[in-house]
Amino acid sequence: MARVLVLSTLNTKAEETEYFLSHLAQHGVQGEVIDLALDTGGKILDGDGKLAAMEQAVARAEASVEAELSDRVHAVVGLGGGTGGELALRVLSSLPITFPKVLITTLPFDPRFAAADSSIVLVPTLADICGLNATLREVLENAAALTAGLCQTRRLPGVCVDETSIGITALGATEGAVGPLVETLQGQGEECTVFHSNGFGGAAFARFADRGAFRAIVDLTPHELTRQHVGGIYVPRDTRFTAGGDLPRVVLPGALNFMGLGQRDQVALELLERPHYAHTGFFTHVQLSESEMRHVTTELIKALLPNTGPTTLIVPMGGFSHQDSPGGAIENPKLREVFLDTTRALLPNNITLEVLDAHISDPKVTSAILSALGPALAQRKVSHV
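Residues numbered from 1 in each chain as written. Predicted model: local features only at pLDDT ≥ 70, side-chain atom pairs only at ≥ 80, totals over all residues. Heavy atoms only, no water.

A. Spatial organisation of the nonpolar core. Ranked by internal contacts, the top residues of the largest apolar core, which has 27 residues, are Met293, Leu300, Leu313, Val315 and Phe339. Where this core is concerned, the elements lending two or more residues are strand S10 (258–261), helix H9 (269–272), helix H10 (290–304), strand S13 (311–316) and helix H11 (333–346). If one sorts the elements of this core by residue count, H10 sits on top with six residues. In this structure, Met293 is in contact with Leu256, Asn257, Leu288, Phe320, Leu335, Val338 and Phe339, ignoring residues within four places of it in sequence. Judged by nonpolar contacts, the second largest core, of 25 residues, contains Val178, Cys192, Val218 and Leu356. (Core = buried A, V, L, I, M, F, W, Y, C linked by side-chain atoms within 4.5 Å. Buried < 20%, exposed > 50% of the residue type's maximum accessible area, 1.4 Å probe, protein only. Helix = DSSP H or I, 4+ residues; strand = E, 2+ residues; numbered from the N terminus. Contact = heavy atoms within 4.5 Å.)

Okay, structure coming up:
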């Protein structure tokens, strides 16, 4: 019988938790509750007191889950509103990256920052978790069916990936370069794992790298530097450019020529005076200034310095993104010159610099990346003989 751990605050969500457990049972799944309730001693806590109690509750729950997590546990589910949902999210985030995890919550907070580096299935309850009603019953029934489905596929809790792959960063603005690279590597029998470098995907990329999921890295799209140092939202991640620092690494300035901002009507008017375009209805890409390009280039070189693995920096002087091309909305050859000049002034001798008179999506760039990866790819062929 499949077994699922359910995180919930029983002092406030007992009825809803019991309803969820009953529907898990209808699907042949045994649910066992781990109580997240705060130890308040019957008092109303002030802000600092509540935060301390929350830390204690998370620590207790993490210890309980760790003690139970084995090949007999198929998934972990969190059920909660504001406080309970945050507590459950923190416990779920501490679990192995790809282990099945579900959070049923009113989503009173933006979960992207906390869940960016973990595969948590989010189930919005729409209505508050405050007494059963037709809406909440249907949500809990759907969540029970979803959880039961996750139990059909088993992966041991400690397993991240079956074999190491090539870690690659991407955006829609660099898809023309990433697609052919992945296709070519796969044609050579290589596995690729691609991460969206949108301020959130980089957190997952770093966590996977820290876990030893890669044997080489192609940081084709270090765009998150513009979010960290110029504008846009991102998840702070100190190891974004140093995780897997001993691995072979190929770096390109993909999408480093713009900042990724929100809907056009939410972008500051002074920024809209610059060259820009609507990437989608939700995202607006605004061209960097020369001083901003100089700054992010400096930060990129600084970020690469601690790494010990063989590193190649490829600079495609024909354009850094799909709209940085002849006739593109943010084409700017001068910005590329700023990047190259700054790089040449700062790059240490142990990082190889390769300058190409080609756009980042040109087949020449793909060939240069593959050539730089050559020793790592050859090593794998030898190890598989």
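Back to the write-up after that little detour.
B. Region of interest: the side chain of Glu190. Relative to the helices and strands, Glu190 is located in the loop between helix H6 (175–187) and strand S7 (192–196). For Glu190, a relative accessible area of 6% translates into the label buried. Side chain to side chain, Glu190 and Arg215 meet in a polar contact 2.3 Å long. (Polar contact = N/O pair within 3.5 Å; in protein donor to acceptor, adjacent residues only side chain to side chain.)

C. A look at the side chain of Ser321. Following the sequence through the fold, Ser321 ends up in the loop between S13 and H11. The residues touching Ser321, leaving out its near neighbours within four places in the chain, are Ala173, Ala255, Asn257, Phe258, Ile330, His359 and Ile360.

D. How the structure looks around the packing of aromatic side chains. According to the stated counting rule, one finds seven aromatic pairs in the structure shown. When the centroid spacing of 5.1 Å and the interplanar angle of 70° are considered together, the rings of Phe113 and Phe200 count as edge-to-face. With Phe113 in helix H4 (residues 112–115) and Phe200 in the loop between S7 and helix H7 (201–210), this pair connects stretches of sequence that are 87 residues apart. By relative accessible area, which is 36% here, Phe113 ends up partly exposed. Given the relative accessible area of 10%, Phe200 is considered buried. With a centroid separation of 5.8 Å and 75° between ring planes, the pair formed by Phe195 and Phe214 is classed as edge-to-face. Of this pair, Phe195 sits in strand S7 while Phe214 sits in strand S8 (residues 214–219); the two residues are 19 residues apart in sequence, bridging distant segments of the chain. Phe195 sits in the buried class, given a relative accessible area of 8%. (Phe/Tyr/Trp six-rings, centres within 6.5 Å; stacked < 30°, edge-to-face > 60°.)

E. Molecular detail of the confidence of the model for the protein chain. Of the residues in the protein chain, 96% reach a pLDDT of 70 or more, and the chain-wide mean stands at 91. Every residue in residues 381–385 scores below 50 in pLDDT, and together they form zero contacts with partners more than four places removed in sequence or on other chains. (pLDDT = per-residue confidence, 0-100.)

F. The sheet that holds strand S1 (residues 2–8), seen in detail. Strand order in the open sheet formed by five strands is S2-S1-S3-S4-S5, with parallel pairing between adjacent strands. Here the strands that pair on one side only, and so sit at the sheet edges, are strand S2 (29–35) and strand S5 (120–124). Here the strands of the sheet are splayed against their neighbours by 20° on average, with no regard to which way each runs. Strands in contact with helix H3 (residues 82–93) are S1, strand S3 (75–80), strand S4 (101–105) and S5; relative to S4, the strand with the most contacts, it is inclined by about 170°. (Pairing = 2+ DSSP bridges. Axes fitted to C-alpha atoms, helices over the stretch in contact; angles between N-to-C directions.)

G. Geometry of H11. The terminal C-alpha atoms of H11, which comprises 14 residues, lie 20 Å apart, in line with the 20 Å expected from a rise of 1.5 Å per residue. Looking at the buried positions of H11, the neighbouring elements they touch are strand S12 (284–287), H10, S13 and strand S14 (351–356). Capping the start of H11 is the job of one residue whose side-chain oxygen sits 3.0 Å from the backbone nitrogen of Lys334: Asn332. (Expected span 1.5 Å × (residues − 1).)

H. Structural context of the pairing of S1. S1 sits mainly inside the fold: seven of its seven residues count as buried. Here S1 shows a buried face lined by Ala2, Val4, Val6 and Ser8 and a second buried face lined by Arg3, Leu5 and Leu7. Tracing the backbone out of S1, into helix H1 (residues 10–26) and back to the parallel element S2 gives a crossover that is right-handed. Note that S1 and S3 share five bridges and pair parallel. Counted as the bridge partner of Leu7 is Gly78 from S3. (Right-handed = clockwise from strand over helix to strand, strands pointing away.)

I. Representation of H6 within the structure. Between its first and last C-alpha, H6 extends 18 Å over 13 residues, near the 18 Å set by a 1.5 Å rise per residue. Every buried residue of H6 is listed here: Ala177, Val178, Leu181, Val182 and Leu185. Within H6, the buried residues cover an arc of 120° as seen down the axis, which keeps them to one side. Of the residues in H6, the exposed ones pointing more than 90 degrees away from the buried face are Glu175, Glu183 and Gly187. Following H6 by one or two positions, Gly189 adopts a phi angle in the positive range, close to 85°. (Arc of directions from axis to C-beta.)

J. The layout of surface pockets, seen in detail. Of the voids in this model, the largest pocket is the one considered here, and its volume is about 350 Å³. Contributing to the lining of the largest pocket are 18 residues, with Asn198, Arg227, Gly260, Leu261 and Phe283 lying nearest its centre. Considering each element in turn, the lining of the largest pocket owes the most residues, three residues, to S10. Along the lines of polarity and charge, the residues of the lining of the largest pocket split into seven nonpolar, nine polar and two charged. In this structure, the second largest pocket spans a volume of roughly 230 Å³. Around the second largest pocket, the lining is made up of 16 residues, and of these Asn11, Thr12, Leu38, Lys50 and Thr83 lie nearest the centre. Contributions of two or more residues to the lining of the second largest pocket are made by H1 and H3. The element best represented in the lining of the second largest pocket is H3, accounting for four residues. When its residues are assigned to classes, the lining of the second largest pocket shows five nonpolar, eight polar and three charged. (1 Å grid on protein atoms, 1.4 Å probe; cavity = no way out; pocket = protein on both sides within 12 Å on 5 of 7 lines; lining within 4 Å. Points joined across faces, edges and corners; volume = space filled by probe spheres on them. Nonpolar A, V, L, I, M, F, W, Y, C, P; charged D, E, K, R; others polar.)

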